[in-house]
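Each chain, written out:
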Amino acid sequence: MTDPRGTSPLTALVNGYVVPVASAPVERGTVLLRGGTIVAVGADVEIPADATVVDVEGKWVLPGFVESHGHVGIDEEGNGPIGNDVNEMTRPTTPGVRAIDAVNIDDEGFRDALSGGITSVVVKPGSGNVIGGQTVAIKTWGGRTIDEQVISESVSVKSALGENPKRVYGEKKQMPSTRLGVAFILREAFAKAQHYAASRVAAEKKGEPFARDLDLEVLARVLDGELAWDQHVHRHDDIATAIRLADEFGYRLVINHGTEGHKLADVLAERDIPVIYGPMLTNRSKVELRDRAITNLVALAKAGVRVAITTDHPVIPINLLVTQATLAVRDGLPRETALEALTTNPASFLGLGGRIGALAEGLDADVVVWSGDPLDSMSRAERVFIDGREVYTWDAEAGVGRAVERLGRRAG
């Protein structure tokens, strides 16, 4: 993303109310972009003569939001079962499968993401399996193929506790059909991964060939700390199981959903276990969601838990990510925490903070110009830049948002 020769085009967004999130807001600030990188942010930025100047007076300028738990592109809108590649539910554990291999970047959800100011998304397998597979962090626009939009393939592995895997495999009359069976499946998988990793080291020392196991390779990376463990979990007893398992095997736990996380908020805060909370605009469609409430997120944050917010798209349309944050602020979440939950926090949880999540020198040039405060429900994303390129604009006269489409991407 860097440009050491300084030959890429320059764009200067000037006179805006700049909210870097990781630092204090700047009145009448400037954000200077060179190619795909932010090169300066502040009130007194020197603007080179060859820069394209974009006057955003009266607008708010923020980093692109991060959707840290979504299924955009692998659960395609309007395509029914043909476009649903979320779960490989032919066996309970599939850590070797990768979300990147199933993402359709022409899914309509990506256009919706732009309209909601979202420039990055961590696409995850679903929760039908005990171990669902590997996630991928991508930009929400800009490539001809997904490979050109990847931020990182080494993000996390999705796993599920509770109702979903229990129901899926119980209906098949096979293990796991109970919570204790789900926990056993996880212990068994990690025990095998520990043995696999030790055997691999022994073979390397002896110079002997070693047969690769694609599933166990991934779990070994989790044990090494390279990949986070994204744990789908709602109920407080399942959250306790998630913590117990993480303690046993020493992996980096990130709670996903955390509907009843407020019941263990002090424990999560003390252990610095982050929570990707939501979605918040659903009904109570199953037992695990009986205690669902926006105020539960507020309680988590108040206890000191680092939080992010998710739509779980397409459960909730991805463009409503900021709407959930707005409702959380109405219910008591501090404004600063709400913005962090959309930007710096999810980037930090999943090891992406060196690329995205804030407006700062050296980070990716993913910038959104808002008509006003994004936490005001009347504001909208008017201009979206990804890797320094304007990929979405709001056409006020026509009343529609316009994204750069396929042929435009090739031309760019």
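By the naming in an unreviewed UniProt entry, the protein goes by Amidohydrolase and is assigned to Sanguibacter inulinus.

Enquirer: How do you make sense of the overall build of the protein when you look at a structure like this?
Expert: Along its length, the protein carries 11 helices and 19 strands. For the protein, whose C-alpha radius of gyration is 22 Å, the value lies close to the compact-globule estimate of 22 Å for 412 residues. Taking all 412 residues of the protein together, the buried fraction comes to 55%. Taking the intrachain contacts of the protein between residues at least 6 apart in sequence as the baseline, contacts between residues at least 24 apart amount to 66%. On the protein, roughly 17,000 Å² of surface is accessible, and the fraction owed to carbon and sulfur atoms is 49%. Computing the positive centroid from 44 side-chain charges and the negative centroid from 57, the protein places the two 5 Å apart.

Enquirer: I keep staring at the side chain of Asn-164 and nothing clicks. Help me out?
Expert: Residue position: Asn-164 is located in helix α2 (residues 163–171). Among the residues examined, Asn-164 registers a relative accessible area of 10% and is labelled buried. Within the structure, Asn-164 has its side chain in polar contact with the side chain of Lys-286 (distance 2.8 Å). Not counting residues up to four positions away in its chain, the partners in contact with Asn-164 are Ser-127, Gly-128, His-232 and Lys-286.

Enquirer: Even after reading the chapter, I still don't get α2, so can you show me in this structure?
Expert: Helical periodicity: at 3.6 residues per turn, an α-helix aligns residues three or four positions apart in one direction. All buried positions along α2 are accounted for by Glu-163, Asn-164, Pro-165, Val-168 and Tyr-169. Taken together, the buried residues of α2 touch β11 (156–160), α3 (179–206) and β12 (228–233). Phi turns positive, to about 60 degrees, at Lys-173, one or two residues after α2.

Enquirer: Looking at this model, I keep getting lost on the UniProt feature "domain: Amidohydrolase-related" (unreviewed entry) in the protein. Mind explaining?
Expert: In this structure's numbering, the residues bearing the UniProt feature "domain: Amidohydrolase-related" (unreviewed entry) are residues 60–389. Its end C-alpha atoms 18 Å apart, residues 60–389 is made of 33% helix and 18% strand.

Enquirer: Is there a simple way to think about the pattern of salt bridges in this case?
Expert: A side chain of one charge can pair with a side chain of the opposite charge when the charged atoms of the two come close. With the rule as written, the count across this model stands at 29 salt bridges. Between Asp-387 and Lys-139 there is a salt bridge; the shortest N-O distance is 2.5 Å. Of this pair, Asp-387 sits in the loop between β17 (381–386) and β18 (389–395) while Lys-139 sits in strand β9 (residues 136–139), placing them 248 residues apart in sequence. Looking at Lys-139, the relative accessible area reads 2%, which means it is buried. As a salt-bridge pair, Glu-288 and Arg-179 come within 3.6 Å of each other at their nearest N and O atoms. Of the two residues, Glu-288 is situated in the loop between β14 (275–277) and α7 (294–302) and Arg-179 in helix α3; the sequence distance between them amounts to 109 residues.

Enquirer: Looking at this structure, how should I read the nonpolar core?
Expert: Nonpolar side chains in soluble globular proteins tend to end up buried together. Of all hydrophobic cores here, the largest spans 85 residues; its most connected members are Val-123, Phe-190, Trp-229, Ile-255 and Leu-268. In terms of residues, this core owes the most to one element, α3, which gives 7 residues. Of the domains in this structure, domain 1 (10–63 + 363–403) and domain 2 (65–350) are the two that each give at least three residues to this core.

Enquirer: I tried to follow the sheet that holds β14 on my own but got confused; where do I start?
Expert: The pairing of strands in a sheet happens through backbone hydrogen bonds and is either parallel or antiparallel. Spatially, 6 strands are ordered β8-β11-β12-β13-β14-β15 in an open sheet, and the strand pairing comes out mixed. The open sheet has two edge strands with one neighbour each: β8 (131–134) and β15 (307–309). Averaged over all pairs of adjacent strands, the angle between strand axes in this sheet comes to 20 degrees, irrespective of strand direction. Packing against the sheet, α3 makes contact with β8, β11 and β12, and its axis sits at approximately 170 degrees to β12.

Enquirer: Can you walk me through α7 in this structure?
Expert: By the burial criterion, the buried members of α7 are Ile-294, Asn-296, Leu-297, Val-298, Leu-300 and Ala-301. Taken together, the buried residues of α7 touch α6 (265–271), β14, β15, α8 (321–330) and α9 (335–342). Directly after α7, the chain includes Gly-304, whose backbone phi takes a positive value near 100 degrees.

Enquirer: Before we go on, may I ask you to explain the side chain of Ser-159 in this structure?
Expert: When you line up the elements, Ser-159 lands in strand β11. Taking the relative accessible area as the measure of exposure, Ser-159 reaches 0% and is therefore buried. If we skip the residues at most four places from it in the chain, Ser-159 touches Val-130, Ile-131, Gly-132, Leu-186, Trp-229, Asp-230, Gln-231 and His-232.

Enquirer: When you look at the packing of aromatic side chains in this model, what are you seeing that I'm missing?
Expert: Given two aromatic rings, one states the distance between the centres and the angle between the planes to describe the pair. The tally for this structure, following the rule as stated, stands at 7 aromatic pairs. Taken together, a centroid distance of 4.9 Å and an interplanar angle of 25 degrees make the contact between Phe-190 and Tyr-251 stacked. With Phe-190 in helix α3 and Tyr-251 in the loop between α5 (236–249) and β13 (253–257), this pair connects stretches of sequence that are 61 residues apart. Judged by its relative accessible area of 6%, Tyr-251 is buried.

Enquirer: Got a minute to help me understand the packing of α3 against α5 in this structure?
Expert: Helices that pack against each other are described as a pair by the angle of their axes relative to one another and the distance between those axes. Running from N to C, α3 and α5 cross one another at 15 degrees; their axes reach a closest spacing of 11 Å. Of the possible angle classes, the one that applies to α3 and α5 is roughly parallel. The handedness of the crossing between α3 and α5 is right-handed. In this structure, α3 uses Arg-179, Ala-183, Leu-186, Arg-187, Phe-190, Ala-191 and Gln-194 to contact α5, whose residues at the interface are Asp-237, Asp-238, Thr-241, Arg-244, Leu-245, Glu-248 and Phe-249. In terms of residue class, the contact of α3 with α5 is built from 6 nonpolar, 2 polar and 6 charged.

Parameters at a glance
Within every chain, residues take consecutive numbers counted from 1 along the sequence as written. Selection of residues for local features in this predicted model requires a pLDDT of at least 70, selection of side-chain atom pairs for listing and counting requires 80 or more, and totals for whole chains, interfaces and linings are taken over all residues. Calculated side-chain values reflect all of the structure's heavy atoms, with hydrogen atoms and water omitted. Strands here mean DSSP runs of E at least two residues long; helices mean DSSP runs of H or I at least four residues long; both are numbered from the N terminus. Both definitions apply: the radius of gyration is a C-alpha atom measure, and the globule rule equals 2.2 Å times residues to the power 0.38. Each residue is assigned to one of three classes by its accessible area relative to the maximum for its type, calculated with a 1.4 Å probe on protein chains only: buried under 20%, partly exposed between the two thresholds, exposed over 50%. In this description, contact between two residues means that some pair of their heavy atoms is separated by no more than 4.5 Å. Accessible areas in this description were obtained via Shrake-Rupley with a 1.4 Å probe; residue shielding takes into account the shown protein chains only. Residues scored as positive are Lys and Arg, those scored as negative are Asp and Glu, and His as well as the terminal groups of each chain are ignored. Charged groups are reduced to one reference atom each: NZ for lysine, CZ for arginine, CG for aspartic acid, CD for glutamic acid. In protein, a polar contact means a hydrogen-donor-capable atom and an acceptor-capable atom, both N or O and within 3.5 Å, with residues adjacent in sequence counting only if both atoms are side-chain atoms; elsewhere, any N or O pair within 3.5 Å suffices. UniProt positions are given in the numbering used here, feature names are shortened, and annotations may be inferred rather than shown by experiment. A carboxyl oxygen of Asp or Glu within 4 Å of a side-chain nitrogen of Lys or Arg is what we treat as a salt bridge. Put simply, a nonpolar core is a bunch of buried Ala, Val, Leu, Ile, Met, Phe, Trp, Tyr and Cys residues held in one set by side-chain atoms that sit within 4.5 Å of each other. The domain boundaries here were taken from an automatic or database domain assignment. Here, a strand pair is defined by DSSP locating no fewer than two bridges between the strands. For helices, the axis comes from a line fit to the C-alpha atoms of the stretch in contact; other axes are also lines fit to C-alpha atoms, and the angle between any two N-to-C directions lies between 0 and 180 degrees. Here a Phe, Tyr or Trp ring, Trp counted by its six-membered ring, pairs with any other such ring whose centre lies within 6.5 Å, and the pair is stacked when the planes are under 30 degrees apart, edge-to-face when over 60, and tilted otherwise. We call two directions roughly parallel when the angle between them is under 35 degrees, roughly antiparallel when it is over 145, roughly perpendicular when it lies between 65 and 115, and oblique otherwise. Crossings are assigned a handedness: left-handed for a near helix turned anticlockwise from the far helix by less than a right angle, right-handed for a clockwise turn. When residues are grouped by polarity, Ala, Val, Leu, Ile, Met, Phe, Trp, Tyr, Cys and Pro land in nonpolar, Asp, Glu, Lys and Arg in charged, and all others, Gly among them, in polar.

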